[in-house]
Amino acid sequence: MLATRETHVANLVAEGLPNKEIAVRLGITEHTVSNYLFRIYNKLGISTRVELVLHIMKQREEHVTAS
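Visitor: It is not clear to me how helix α2 (residues 19–26) should be interpreted in this structure. Could you clarify?
Guide: An α-helix turns once every 3.6 residues. As a result, residues three or four positions apart point the same way. All buried positions along α2 are accounted for by Asn 19, Ile 22, Ala 23 and Leu 26. Along the axis of α2, the buried residues cluster in a sector spanning 100 degrees; they form a single face. Exposed residues lying more than 90 degrees from the buried face of α2 are Lys 20, Val 24 and Arg 25. In the stretch just after α2, Gly 27 is the one whose phi turns positive, near 70 degrees.

Visitor: Just to check I follow, could you spell out the pattern of salt bridges for this structure?
Guide: Note on pairing: side chains with opposite charge can pair once their charged atoms come close. Under the counting rule described, the total for this entry stands at 3 salt bridges. A salt bridge links Glu 6 to Lys 43; the nearest nitrogen and oxygen atoms lie 2.8 Å apart. Of this pair, Glu 6 sits in helix α1 (residues 4–14) while Lys 43 sits in helix α3 (residues 30–44), and the two are 37 residues apart along the sequence. According to the relative accessible area criterion, Lys 43 is partly exposed, its value standing at 40%.

Visitor: Honestly, the packing of α1 against α2 in this entry has me stumped. Any pointers?
Guide: Two elements in contact, α1 and α2, have axes whose closest approach is 10 Å; the angle formed by their N-to-C orientations is 135 degrees. Regarding the angle of α1 to α2, the classification is oblique. The way α1 lies across α2 gives a crossing that is right-handed. Between α1 and α2, the contacting residues are Arg 5, His 8, Val 9, Leu 12 and Val 13 on the first element and Ile 22, Arg 25 and Leu 26 on the second.

Visitor: I would appreciate a short explanation of the nonpolar core in the present structure.
Guide: If you look at soluble globular proteins, the nonpolar side chains tend to sit buried side by side. Ranked by size, the top nonpolar core spans 18 residues in total, and within it Val 9, Val 13, Ile 22, Val 33, Leu 37, Ile 40 and Leu 52 carry the most contacts. Of all elements in the fold, only α1, α2, α3 and α4 (49–66) reach the threshold of two or more residues within this core. A total of 6 residues in this core trace back to one element, the largest contributor, which is α3. Ignoring any residue separated from it by four or fewer positions in sequence, one finds Ile 40 in contact with Leu 2, Glu 6, Val 9, Ala 10 and Leu 52.

Visitor: Would you take a moment to explain a nonpolar patch on the surface for this structure?
Guide: Residues Val 50, Leu 54 and Met 57 make up a contiguous nonpolar surface patch of about 310 Å² in total accessible area. Examined against the element boundaries, Met 57 turns out to sit in helix α4.

Conventions we followed
Residues numbered from 1 in each chain as written. Predicted model: local features only at pLDDT ≥ 70, side-chain atom pairs only at ≥ 80, totals over all residues. Heavy atoms only, no water. Buried < 20%, exposed > 50% of the residue type's maximum accessible area, 1.4 Å probe, protein only. Helix = DSSP H or I, 4+ residues; strand = E, 2+ residues; numbered from the N terminus. Arc of directions from axis to C-beta. Salt bridge = Lys/Arg side-chain N within 4 Å of Asp/Glu carboxyl O. Axes fitted to C-alpha atoms, helices over the stretch in contact; angles between N-to-C directions. Parallel < 35°, antiparallel > 145°, perpendicular 65-115°, else oblique. Left-handed = near helix turned anticlockwise from the far one by under 90°. Contact = heavy atoms within 4.5 Å. Core = buried A, V, L, I, M, F, W, Y, C linked by side-chain atoms within 4.5 Å. Patch = residues over 30% accessible without salt bridge, like charges linked within 9 Å, V, L, I, M, F, W, Y side chains within 5 Å. Areas by Shrake-Rupley, 256 points an atom, 1.4 Å probe, with all protein chains shown as cover.

Set out below in structure tokens:
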């Protein structure tokens, strides 16, 4: 559902990193990180960082359970 780069951004958010640190790690601007988050929120039908973290945690749990 998410593009590769969107998945990277989402996972870094789930690790608790702020936009500035995500930008540094990925070599992009903070504005670009914000744009990715906007698209991620729209694709997943969520509106907050907390919801994104919960979504990622649920996906990770389902992946472990399925393995």
